[in-house]
Amino acid sequence: MTMNIFRQEFKMRQRSVITWSVAVAALILVYTSLFSSFADQAELLNEAMANFPEGLRTAFGIKDVNLATVLGYFGFLFLFVQICLAIQAANYGVSLVSVEEREWTADFLLSKPVGRAQILTSKLLAALGGLAITDIVVWISTFAFIALFRGDRTYEVKPLLMLLLSIVPFQLFFLSVGLVISLLVKRVRSVTPYAMALGFGMYVLSVFGDLLGESTLEKLTPFKHFDPNYILKNGAWDLALVLISVAVIVISLVGSYLRYARRDIPAVV
Amino acid sequence: MGVIEVSHLTKYYGKARGIVDLSFQVEEGEIFGFIGPNGAGKSTTIRLLLSLIHPTSGSATIFGKDCIQYGPQLRREIGYLPSEVFYYDRMKVIDLLKYSASFYPQDSTQRMNELAELMELELNRRIEDLSYGNRKKVGIVQGLLHRPKLVFLDEPTAGLDPLMQRKTFQLIREENQRGVTVFFSSHILGEVQRMCTRVAIIREGRIVEIADIRTLQQNNYKKVRVDADDLDAAYFDMPGVTNLERQDGSVRFFYKGDINAVMHKIGQIAVSDVTIEEPTLEEIFMHYYE
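From a predicted model like this one, the values you see are computed outputs, not experimental measurements. (Residues numbered from 1 in each chain as written. Chains lettered and ligands numbered in written order. Predicted model: local features only at pLDDT ≥ 70, side-chain atom pairs only at ≥ 80, totals over all residues.)

Quick word on the overall build of chain A
Link 1 in the chain: A count of helical and extended segments in chain A gives 14 helices and 0 strands.
Link 2 in the chain: Helices (α) and strands (β) of chain A occur, in sequence order from the N terminus, as α-α-α-α-α-α-α-α-α-α-α-α-α-α.
Link 3 in the chain: For 269 residues, the compact-globule estimate of 2.2 N^0.38 gives 18 Å, and chain A sits close to it at 20 Å.
Link 4 in the chain: Counting only C-alpha atoms, chain A reaches 65 × 40 × 30 Å along its principal axes.
Link 5 in the chain: Within chain A, buried positions represent 39% of all 269 residues.
Link 6 in the chain: Looking at chain A alone, contacts between residues at least 24 apart form 80% of all its contacts between residues at least 6 apart. (Helix = DSSP H or I, 4+ residues; strand = E, 2+ residues; numbered from the N terminus. Rg over C-alpha atoms; globule rule 2.2 N^0.38 Å. Buried ≥ 20, exposed ≤ 12 C-beta atoms within 10 Å, placed from the backbone. Contact = placed C-beta atoms within 7 Å.)

Right under this line is the structure:
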C-alpha cells in the first residue's frame, strides 16, 4: 500500500462518505422517532398488518415480526439501512478503478513508479476507510436514537451487536463484487446504473426468494446471508450463509487483482 | 546498449491492428522522433513501453530491463506527457504537482517550482478551470519534475501557443543536453525536424523507415525549381525525377541520383532562376505515404 494514493483516494471520496453517512443517520432517526407511536398502538398495528396481503408483508420483511418490540421494529427499519449501505458499497466498488479510466487519469497514475497490485490495495483500503466511517455513524446513530426513543421498553444488546457487526462483511460483499464486475466489462460508462443494479438487484432477489419460497435464491444474496430478522431473533449469524458471502468476497478480490494486473488501460479516443 | 530496445513488438486490440512487428532502438542521449499520422500506432507504442497495455507478442526493454516485469522500478526514471491531459476533479495545480512528486523518493520541490515558473503556471487555480493549453503545461511540469532520465512526449505541443511551444522545445533541448533521452512522438514534421537526431516513420502499425534526420534529408532527394520561358515539363522527364509539375512559368520536381545529370540538363537551356534545396521532412514524408 502507498500512503499518498490512499490519502488522495480518501480525500476524493470524502463528500460522498459524508452524504451517505448523514443520509443513513437521518433514516435511522426518522424511523426510530416513530417507534413509540408504533409501539403504543401495537395491538392495533399488528391487527392492521395482519390484514396486509402476505406478499406485501414479505416484501417489507415484516411477516413474522412484532413491531411493538425494540428489536422487532429495528429489524424492519434496518432493511432500509442495508439497501443504502449496499448501494454505497457497490458504488465505491464499481468506481474504484473505472473512474480513472473514464476520466483518463489512469494514464497519470499508472505511469508513476507503482505496481498495479499496490494501486489496487491502496484504493481498496481507502474505500474501506470511507465505508468504515459510514459504519461507525450507523453504530452511533443506532444506539443514540434507540436510547432516545425507546421510552421504557427494554431490549437485548447482544442480538443488536451481532446485527451491527454484520455490516462490515455486508459492505465488503458489495465493494468486491462491484469491483470485479467493473473489471469484467470493457468500460464502465456510468457507475450509478451498475451500483443500483447490484445493490437493489440483490434486495429484489431476496424478496423474490421470500415470495416464491425459493431457498436457492437465498444462497445468492447477502440480504439473506445477513437477514436482520434472523440475526435479531437468534442473536447469531446464519454461519452457512455467511460463509457463502465470504467465499464470494474472496473470489471477487482474487479475481480483481488478477484481472487488473493484466488489464489494458484504454487510451483517449 | 540502447536505452529502449524494442523487438518484434506486436499489439492487436481484439482484431483491430495496433502495431505489427515493431523493432527499433533508442540510444542514450538522443532525441528520437516517432512520426506518423493519427492512428498509425504511435500512442500504442508509448503505452506498451509504459506497460499501460500489454503486448500481443514481442518484447521491449528499457535500460536493459523488461518494461513490464520491471515496470514500477523503471518508471522512477521515466517522465511521461500524455497527448491529452485530464486530471482529478477539484484539484488545484499545486495539489496535482505535489501528488505527482510524492511518487518519487527524492525531493522534487525545487525543480517543480523552477518548471512551474518557466511555464508560467498559476499554481492555485483549479485544473478544471484551466484552458487546454494551460492544462498541457501542467502535464509538462508533472512529467519532468522528478528529473527523469527518459522522457516520453506524445504530441507535446498540440494546443500550445507558439511562444509556449518554443519554450517547451527549449526545455526539452536543455533536458537533452543534461543527458536525458527523449522519445518524441508527433505528426507535425516541422517540430520533429527541428528537435530530433533520428526519426522512425510509422505507418499503419509498421515502421517504414528509421534514419538519421540528416541522411533522410540529404542523401535522398533534392527539390529542384527551374524558372524559364516556354519551358515544357516533359523536358525534365528523366530517370530519378519524380513529382514533376509545371506551375506559373516554373517547373518543379524531386530528383534522386547524380546531381550532375540535372545540372547538365539545366545548363542546356536559358533559365531565369534556379533553386536546388533540401526537401522538408514533410515532403519526404509524403513520399513514404504515397
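Still more to cover.
Some remarks on the sheet that holds strand β14 (residues 273-277) of chain B
Residue and element names in this part refer to chain B.
Link 1 in the chain: Here 4 strands make up an open sheet; going across it, the order is β12-β13-β11-β14 and the pairing antiparallel. Strand pairing shows two members of the sheet lacking a second neighbour, β12 (241-247) and β14, which therefore form its edges. Between one strand axis and the next, the sheet turns by 10 degrees as a mean value, whatever way the strands run.
Link 2 in the chain: Where β12 meets strand β13 (residues 250-255), 5 bridges bridge the pair, whose relative direction is antiparallel. Bridge pairing in β13 places arginine 246 opposite valine 251. (Pairing = 2+ DSSP bridges. Axes fitted to C-alpha atoms, helices over the stretch in contact; angles between N-to-C directions.)

What to know about helix α10 (residues 191-212) of chain A
All names here are of chain A.
Link 1 in the chain: The end-to-end C-alpha distance of α10, which contains 22 residues, comes to 31 Å, matching closely the 32 Å that a straight helix rising 1.5 Å per residue would cover.
Link 2 in the chain: Along α10, the largest kink reaches about 25 degrees and is centred on glycine 201.
Link 3 in the chain: Looking at α10, one finds that the buried residues are Val191, Tyr194, Ala195, Leu198, Gly199, Met202, Tyr203, Ser206, Gly209 and Asp210.
Link 4 in the chain: Once α10 ends, the next one or two residues include glycine 213, with phi positive near 60 degrees. (Expected span 1.5 Å × (residues − 1). Bend = angle between axes of the 7 residues up to and from the residue.)

Focus on the confidence of the model for chain A
Link 1 in the chain: Overall, the prediction assigns chain A a mean pLDDT of 89, with 96% of residues at 70 or greater.
Link 2 in the chain: By mean pLDDT, helix α4 (residues 54-59) of chain A is the weakest element of chain A at 71, and helix α9 (residues 167-184) of chain A is the strongest at 96. (pLDDT = per-residue confidence, 0-100.)

Remarks on the pairing of strand β11 (residues 222-227) of chain B
Residues and elements named next belong to chain B.
Link 1 in the chain: As defined by bridge partners, β11 adjoins β13 across 6 bridges and the pair is classed as antiparallel. When the bridges of β13 are listed, valine 224 appears paired with phenylalanine 253.
Link 2 in the chain: Pairing between β11 and β14: 5 bridges, direction antiparallel. Following the sheet pairing, valine 226 is matched in β14 by valine 274.

Let's talk about the interface of chain A and chain B
Link 1 in the chain: Facing 19 residues of chain A, the contacting portion of chain B comprises 21 residues.
Link 2 in the chain: At the level of elements, α1 (3-33) and α6 (106-110) of chain A are the ones that each hand at least two residues to the side of chain A that touches chain B.
Link 3 in the chain: Counted by class, the side of chain A that touches chain B contains 9 nonpolar, 5 polar and 5 charged residues. (Nonpolar A, V, L, I, M, F, W, Y, C, P; charged D, E, K, R; others polar.)

Section: the packing of α9(A) against α10(A)
All names here are of chain A.
Link 1 in the chain: Put simply, α9 and α10 touch, their axes get as near as 11 Å, and they point 135 degrees apart. By the angle class used here, α9 and α10 are oblique. Note that α9 runs across α10; the crossing there is right-handed. Residues Phe174, Val177, Gly178 and Ile181 of α9 pack against Tyr194, Ala195, Leu198 and Gly199 of α10.
Link 2 in the chain: Taken together, the residues of the contact of α9 with α10 break down into 6 nonpolar, 2 polar and no charged. (Parallel < 35°, antiparallel > 145°, perpendicular 65-115°, else oblique. Left-handed = near helix turned anticlockwise from the far one by under 90°.)

Details of the environment of A:Pro53
Residue and element names in this part refer to chain A.
Link 1 in the chain: Of note, proline 53 is situated in the loop between α3 (42-51) and α4.
Link 2 in the chain: The exposed category is assigned to proline 53, around which 8 C-beta atoms lie within 10 Å.
Link 3 in the chain: Separated by 46 residues in sequence, proline 53 and valine 99 have C-alpha atoms that sit 44 Å apart.

Regarding the nonpolar core
Link 1 in the chain: In terms of nonpolar packing, the biggest core is built from 120 residues, with B:Val141, B:Phe152, B:Val182, B:Phe183 and B:Phe184 touching the most fellow members.
Link 2 in the chain: Element by element, the count of residues in this core is highest for helix α5 (residues 70-102) of chain A, at 17 residues.
Link 3 in the chain: Those residues in contact with B:Phe184, other than ones at most four positions away along the chain, are B:Ile31, B:Phe32, B:Gly33, B:Phe34, B:Leu153, B:Val192, B:Met195 and B:Cys196. (Core = buried A, V, L, I, M, F, W, Y, C linked by C-beta atoms within 7 Å.)

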